[in-house]
There are 2 protein chains.
Amino acid sequence: MRNIKLTIEYDGARYNGWQKLGDTENTIQSKLEKVLSEMTGRKIEVIASGRTDSGVHALAQIVNFKTNINMSTKEIRRYCNQYLPKDIVVKGIEEVDERFHARYNAKSKKYLYRIRIGAIPTAFNRKYTYYVPNYLDIEAMQKAGSYLLGEHDFKAFSSVKSSKKSTSREIFEMDITKEENELHLLFHGNGFLHNMVRIMVGTLIEIGEGKRTPESIKDIFASKTRENAGVTAPAQGLFLYEVFYD
Amino acid sequence: MRNIKLTIEYDGARYNGWQKLGDTENTIQSKLEKVLSEMTGRKIEVIASGRTDSGVHALAQIVNFKTNINMSTKEIRRYCNQYLPKDIVVKGIEEVDERFHARYNAKSKKYLYRIRIGAIPTAFNRKYTYYVPNYLDIEAMQKAGSYLLGEHDFKAFSSVKSSKKSTSREIFEMDITKEENELHLLFHGNGFLHNMVRIMVGTLIEIGEGKRTPESIKDIFASKTRENAGVTAPAQGLFLYEVFYD
């Protein structure tokens, strides 16, 4: 069987996430599987690097699927982009080793979170940024970001209920940059728990607003209690930015 | 009476334009008038620099209205931005001379048209750009743009049916610049007929695709016949960019 790897960009605004239990229609996965199944004449199941929640976007989600179809990768990409909804686009395609698995082989991921700042909001981008009208102390946020770096138990920064699996993760990189009227928060780590990026962002915003100190990050880690971290920032500012493999 | 001038940004994607005969609900004008009428307790009618069609956006539409309300301009702006839909934003506000009229006093206007180019579309911006997958010869488009400059009878470049009013207009500036994966077409003129920018853009695209020569612009002008110009480019790429007053 051929193993095809796709790089997919999607605007998550009108979908119930990458995959949702019980929802076999309005998810990005089901839209993609429908087109691939029609193309091949067989039921195709795709494997993604991970799920994204309702309203979350992707600039480069990685997906793979197996097929015996006799089409070039270029033809497959053209077919997909012709029949997929316009807010889901196959950006890249390559044939990979049959052992490649988009989820198991993912070594690390980057997420971007976009915050719109400034006294006046914009009429555009409300589905792609989170507008924070309050003044944000970027230096305090950057200092707090440095405390997130390294390996920690991120239980307090997740909505994981069960304690059976490890909640330890490592963050390699945490950058906050100002781009015109936006703050861009970039997180690169070996894995992310459910809602982890959005809870880190919600906490960093509260620090930027002066409601918490940068050092409070340490106490949140130590407590391992979700309630001690900040609110979960809304989905629309979050983008799966890049997935890294060996 | 106080005369208040507003600078308004809006995402036209889900509206039936600035104003639509018979539609008293889903237009940008009616959304704005509703909020201002609730604010003042009186029926407010606003005057805009001009209408925009369904799906067309504005970065700086200019509007004025009269009121006796005892609120500062800053308070009025805050009230509007609190109660307007999030895709309509009051960016600027100032109190102006009572003789100021947003339509009659407008001396010239700038429009921006955004074309998405490249072999692969993007999942984002489909409501804010027009995607043209074909190769576009930008130099040919720029040459054609230079023939649009100056004063001409733009009848062939409009969907104006009646011949009672003058269809002569002057274009001062026509720039085409490449910004990453987009072409930005900027038109500055003393006035624009209905659909004029979109028909000029549709014609320029056909020239970029090699279906027409830059010099064909002269023949289109001479013919004064709509059918000789190119197609009307879709609304979603068009932005009212700036309105100039004395």
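As the structure is a prediction and not an experimental result, all values here were calculated from the model.

1. Re the overall build of chain A
Part 1: Helix and strand counts for chain A come out as five helices and 10 strands.
Part 2: Taking the principal axes of the C-alpha coordinates as reference, chain A spans close to 60 × 45 × 30 Å.
Part 3: Per-residue burial over chain A gives 52% buried out of 246 residues.
Part 4: Expressed as a percentage of contacts within chain A between residues at least 6 apart in sequence, the contacts between residues at least 24 apart total 70%.
Part 5: Of the accessible surface of chain A, which amounts to about 11,900 Å², a share of 46% is contributed by carbon and sulfur atoms.
Part 6: When the 37 positive and 31 negative side-chain charges of chain A are each reduced to one mean point, those points stand 5 Å apart.

2. With respect to the interface of chain A and chain B
Part 1: Listed as interface residues are 24 residues of chain A and, on the opposing side, 24 residues of chain B.
Part 2: Looking at the side of chain A facing chain B, the largest losses of area belong to A:I120, A:F124 and A:R126, adding up to 36% of the total buried there.
Part 3: Linking chain A with chain B are four salt bridges, by the criterion used here.
Part 4: One salt bridge in this structure joins A:D11 and B:R126, with 3.1 Å as the shortest N-O distance.
Part 5: The tally of links between chain A and chain B comes to eight residue pairs in polar contact (both at pLDDT 80 or more).
Part 6: Contributions of two or more residues to the side of chain A that touches chain B are made by strand 1 (2–10), strand 3 (57–67), helix 2 (73–83) and strand 4 (88–96) of chain A.
Part 7: At four residues, the largest contribution of residues to the side of chain A that touches chain B is made by strand 4 of chain A.

3. Considering the nonpolar core
Part 1: With 69 residues, the main nonpolar core has B:I115, B:L148, B:F157, B:L185, B:F187 and B:M200 as its most contacted residues.
Part 2: Sequence-distant contacts of B:F157, defined by excluding residues within four places in its chain, comprise B:L148, B:N195, B:M196, B:I199, B:M200, B:T203, B:I217, B:I220, B:F221 and B:A229.
Part 3: Judged by nonpolar contacts, the second largest core, of 68 residues, contains A:I76, A:F154, A:L183 and A:L238.

4. A short note on the relation of the copies chain A and chain B
Part 1: You can overlay chain A on chain B at an RMSD of 0.0 Å; the transform is a turn of 180° with a shift of 0.0 Å along its axis. In the structure described here, the two chain copies are related by an operation that fits a two-fold rotation axis. The C-alpha atom lying nearest the rotation axis in chain A is that of A:N125; the distance is 4.7 Å.
Part 2: Comparing contact sets, 100% of the residues at the interface of chain A also lie at the interface in chain B, consistent with an isologous, same-surface contact.

5. Here we look at the UniProt feature "active site" (unreviewed entry) in chain A
Residue and element names in this part refer to chain A.
Part 1: The UniProt feature table records "active site" (unreviewed entry) at D53.
Part 2: Assignment of secondary structure puts D53 in the loop between strand 2 (47–48) and strand 3.
Part 3: Sequence-distant contacts of D53, defined by excluding residues within four places in its chain, comprise G17, H194, N195 and R198.

6. Quick look at the environment of B:V35
Residue and element names in this part refer to chain B.
Part 1: If you trace the backbone, V35 turns up in helix 1 (residues 28–40).
Part 2: C-alpha of V35 to C-alpha of Q82: the two residues are 47 residues apart in sequence and 9.5 Å apart in space.
Part 3: Setting aside chain neighbours within four positions, we find V35 in contact with Y79, C80, Y83 and L84.

7. Regarding the packing of helix 1 of chain B against helix 2 (residues 73–83) of chain B
All names here are of chain B.
Part 1: Interhelical geometry of helix 1 versus helix 2 gives an angle of 125° and a closest axis separation of 10 Å. The orientation of helix 1 relative to helix 2 falls into the category oblique. The two elements helix 1 and helix 2 meet at a crossing, and its hand is right-handed. Contact residues: helix 1 offers V35, L36, E38 and M39, while helix 2 offers I76, Y79, C80 and Y83.
Part 2: Looking at the contact of helix 1 with helix 2, its residues break down into seven nonpolar, no polar and one charged.

8. As for the side chain of A:R114
All names here are of chain A.
Part 1: Along the chain, R114 turns up in strand 5 (residues 108–116).
Part 2: Residue class for R114 comes out buried when judged on its relative accessible area of 16%.
Part 3: Engagement of the side chain of R114 in a polar contact is seen with the side chain of E182, the distance being 2.8 Å.

9. Quick look at the UniProt feature "domain: Pseudouridine synthase I TruA alpha/beta" (unreviewed entry) in chain A
Part 1: UniProt annotation of "domain: Pseudouridine synthase I TruA alpha/beta" (unreviewed entry) refers to residues 8–105 and 147–246 of chain A when read in the numbering used here.
Part 2: Structurally, residues 147–246 of chain A is divided into 23% helix and 31% strand, and its ends, taken at the C-alpha atoms, are 27 Å apart.

10. So, the domain arrangement of chain A
Residues and elements named next belong to chain A.
Part 1: Partitioning chain A into domains gives domain 1 (2–96) and domain 2 (108–244).
Part 2: Domain 1 and domain 2 are separated by 28 Å when their C-alpha centres are compared.
Part 3: Taken together, the contacts link 16 residues of domain 1 with 15 residues of domain 2.
Part 4: Ranking the residues of domain 1 by area buried against domain 2 places D53, H57 and L59 at the top, with a combined share of 42%.
Part 5: Our enumeration of links across domain 1 and domain 2 arrives at one salt bridge.

11. Looking at the packing of helix 3 (residues 138–148) of chain B against helix 5 (residues 216–223) of chain B
All names here are of chain B.
Part 1: Helix 5 packs onto helix 3 with a crossing angle of 35° between their chain directions and a minimal axis gap of 9 Å. Crossing of helix 3 against helix 5: the hand is right-handed. Residues A144, Y147 and L148 of helix 3 form the contact with helix 5, whose participating residues are I217, K218 and F221.
Part 2: Residue classes in the contact of helix 3 with helix 5 are distributed as five nonpolar, no polar and one charged.

12. Structural notes on the environment of B:A13
Residue and element names in this part refer to chain B.
Part 1: Tracing the backbone through its elements, the reader meets A13 in the loop between strand 1 (2–10) and helix 1.
Part 2: According to the relative accessible area criterion, A13 is partly exposed, its value standing at 35%.
Part 3: Sequence separation of A13 and L32 is 19 residues, and the distance between their C-alpha atoms is 16 Å.
Part 4: Setting aside its immediate chain neighbours within four residues, A13 contacts G55, H57 and K127.

13. Digging into the environment of B:T167
Part 1: If you trace the backbone, B:T167 turns up in the loop between strand 7 (150–153) and strand 8 (168–179).
Part 2: In this structure, the C-alpha to C-alpha distance between B:T167 and B:K218, residues 51 residues apart in sequence, is 16 Å.

14. Some thoughts on helix 5 of chain B
Residues and elements named next belong to chain B.
Part 1: If you check which residues of helix 5 are buried, you get S216, I217, I220 and F221. Seen from one end, helix 5 has its buried residues packed into an arc of 145°, which puts them on one side. Away from the buried face of helix 5 by more than 90 degrees, exposed residues D219 and A222 are located.
Part 2: Directly beyond the C-terminal end of helix 5, a positive phi value near 55° is found at K224.

Cut-offs applied
- Residues numbered from 1 in each chain as written.
- Chains lettered and ligands numbered in written order.
- Predicted model: local features only at pLDDT ≥ 70, side-chain atom pairs only at ≥ 80, totals over all residues.
- Heavy atoms only, no water.
- Helix = DSSP H or I, 4+ residues; strand = E, 2+ residues; numbered from the N terminus.
- Buried < 20%, exposed > 50% of the residue type's maximum accessible area, 1.4 Å probe, protein only.
- Contact = heavy atoms within 4.5 Å.
- Areas by Shrake-Rupley, 256 points an atom, 1.4 Å probe, with all protein chains shown as cover.
- Lys, Arg positive; Asp, Glu negative; His and termini not counted.
- Charge placed at Lys NZ, Arg CZ, Asp CG, Glu CD.
- Buried area = accessible area lost by both parts, 1.4 Å probe.
- Salt bridge = Lys/Arg side-chain N within 4 Å of Asp/Glu carboxyl O.
- Polar contact = N/O pair within 3.5 Å; in protein donor to acceptor, adjacent residues only side chain to side chain.
- Core = buried A, V, L, I, M, F, W, Y, C linked by side-chain atoms within 4.5 Å.
- Least-squares fit on C-alpha atoms with pLDDT ≥ 70 in both.
- UniProt positions renumbered as here; feature names shortened; annotations may be inferred.
- Axes fitted to C-alpha atoms, helices over the stretch in contact; angles between N-to-C directions.
- Parallel < 35°, antiparallel > 145°, perpendicular 65-115°, else oblique.
- Left-handed = near helix turned anticlockwise from the far one by under 90°.
- Nonpolar A, V, L, I, M, F, W, Y, C, P; charged D, E, K, R; others polar.
- Domains from an automatic or database assignment.
- Arc of directions from axis to C-beta.

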